[in-house]
Amino acid sequence: LTILGTKKPTCLVQKTMNHGDLETRDDSVLLFVGFSGHPDFNAAAAAKTYLEDRVASEAPPRKVSHCYVNLAPFGKSYNLSSIEIARHLDHKGSIEKLAELLKSPIDQLGATHLAFPPVLGIRNALQNKRRLEELTGTSVFELLGFPPSIPGQRLQRSLEMVFTEAGGNILIGYEVTSYSKSDDLIQSIIASSPRRRITIDARAFLLASGKFIGGGLKGDENGLREPIFDLMTVTGDYYSASDLIPSRFANKLSISPIGQPLQYCGLSVDPKFRPIKEDGIEWAENLFAAGSILAGCNYAVEKSGLGVAATTGYHAARTIIDYLKEVE
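Attention here is on the structure that accompanies the text. Keep in mind it's a predicted model, so treat the numbers as computed, not measured. (Residues numbered from 1 in each chain as written. Predicted model: local features only at pLDDT ≥ 70, side-chain atom pairs only at ≥ 80, totals over all residues. Heavy atoms only, no water.)

Once that is clear, we can look at the overall build of the chain. Counting secondary structure elements, the chain contains seven helices and 13 strands. Taking the principal axes of the C-alpha coordinates as reference, the chain spans close to 75 × 45 × 35 Å. Sorting the 328 residues of the chain into buried and exposed places 41% on the buried side. For the chain, restricting intrachain contacts to residue pairs at least 6 apart in sequence, the fraction spanning at least 24 positions comes to 63%. Counting only carbon and sulfur atoms, one obtains 53% of the accessible surface of the chain, whose full area is about 18500 Å². Positive and negative side-chain charges in the chain, numbering 35 and 37 respectively, have mean positions lying 6 Å apart. (Helix = DSSP H or I, 4+ residues; strand = E, 2+ residues; numbered from the N terminus. Buried < 20%, exposed > 50% of the residue type's maximum accessible area, 1.4 Å probe, protein only. Contact = heavy atoms within 4.5 Å. Areas by Shrake-Rupley, 256 points an atom, 1.4 Å probe, with all protein chains shown as cover. Lys, Arg positive; Asp, Glu negative; His and termini not counted. Charge placed at Lys NZ, Arg CZ, Asp CG, Glu CD.)

What follows is the structure, given as structure tokens:
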């Protein structure tokens, strides 16, 4: 469930966002919980939208309401950000205070489930959820919010921890600005920060820089381009996008069922996930690509951005491993 009271399909969900038996239990009663001074979530609107959906589908829960609590983290009760609330709920005693504030609304409604915006903590979200369930006698879950989101930060933190524990090194604040290439092999890349400039040597490189938001693609009146290696860009139909003017490749409706054609643009790769040139030959033998930078991927329409990232990243990595074994 989202903070709008709507639903989003997914194959993976964080444990704090699993609403359990909410829609299968005949006597379930849902209470949307908002925070006074928190403009990112309108509990009343979410409750209304969700109830209309359940009435139309004639499925539980048949009783839905909302409430607002005044938590005032750090003594502030206005213009609260999600990060402020999440940090506050990670502090000792905060969950107990929240449970105390919710006692009256829960008793009045007879709530069996509580829906929160995604703010139940950054480091201790799952523990906070379970503690709140213990104190209130209800099932507690978070709603899906808009990016940048607290659950997104939790996922990022977990991925980075797994990566570093496996021996990886993360350079935060660096941007790849150039590279060194000899024949068909990239020898190194240059990464710059406001204070340093470093050269990174490797036997293989994986480009996963995203589309427009991540800076993986850039567009202007001269066309679309990939800014690091100047790789060939194509449309979703795999025609050249090098001369494509972005403003002329967009639907007049900002939100369209078929999405924006511009979002389908990206890199064309061979079966080994290596970006190719116009003749269909790989641009470099040891450069690979994965994620939304690939042409044909439009996560806003497909609703599978994480799925594309995971599957293409996995298979590109397997290909890189095989490549490294061959060149050893």
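This part covers the pattern of salt bridges. Tallying each qualifying case throughout the model produces twelve salt bridges. A salt bridge links Glu 142 to Arg 154; the nearest nitrogen and oxygen atoms lie 2.8 Å apart. Taken together, the residues span a long stretch of sequence, with Glu 142 in strand E4 (residues 139–142) and Arg 154 in helix H5 (residues 150–165) at a distance of twelve residues. Taking relative accessible area as the criterion, Arg 154 reaches 8% and is therefore assigned buried. The partner of Arg 274 in a salt bridge is Asp 270, with the nearest N and O atoms 3.0 Å apart. The same class applies to Arg 274 and to Asp 270, which are both buried. When salt bridges that share partners are traced, they join Lys 7, Glu 23, Asp 53 and Arg 54 into one network. (Salt bridge = Lys/Arg side-chain N within 4 Å of Asp/Glu carboxyl O.)

Before going further, it helps to spend a moment on unusual backbone geometry. The peptide bond linking Pro 60 to Pro 61 adopts the cis configuration, its omega dihedral lying at 0°. Mapped onto the secondary structure, Pro 61 falls in the loop between helix H1 (43–57) and strand E2 (63–69). The backbone phi angle of Asp 230 is positive, close to 55°, even though this residue is not glycine. Mapped onto the secondary structure, Asp 230 falls in the loop between strand E10 (223–225) and strand E11 (233–234). Phi is positive for Tyr 238, which is not a glycine, with a value near 65°. Summarising the element assignment, Tyr 238 is placed in the loop between E11 and strand E12 (266–267).

A separate point is the packing of helix H3 (residues 94–109) against helix H4 (residues 125–136). Where H3 meets H4, the closest approach of the two axes is 10 Å, and the angle between their N-to-C directions is 45°. Between H3 and H4, the angle is such that the two are oblique. Of the two elements, H3 crosses H4, and the hand of that crossing is right-handed. Seen from H3, the contacting residues are Ile 95, Glu 96, Leu 98, Ala 99 and Ile 106; seen from H4, they are Asn 128, Arg 131, Leu 132, Leu 135 and Thr 136. Residue classes in the contact of H3 with H4 are distributed as six nonpolar, two polar and two charged. (Axes fitted to C-alpha atoms, helices over the stretch in contact; angles between N-to-C directions. Parallel < 35°, antiparallel > 145°, perpendicular 65-115°, else oblique. Left-handed = near helix turned anticlockwise from the far one by under 90°. Nonpolar A, V, L, I, M, F, W, Y, C, P; charged D, E, K, R; others polar.)

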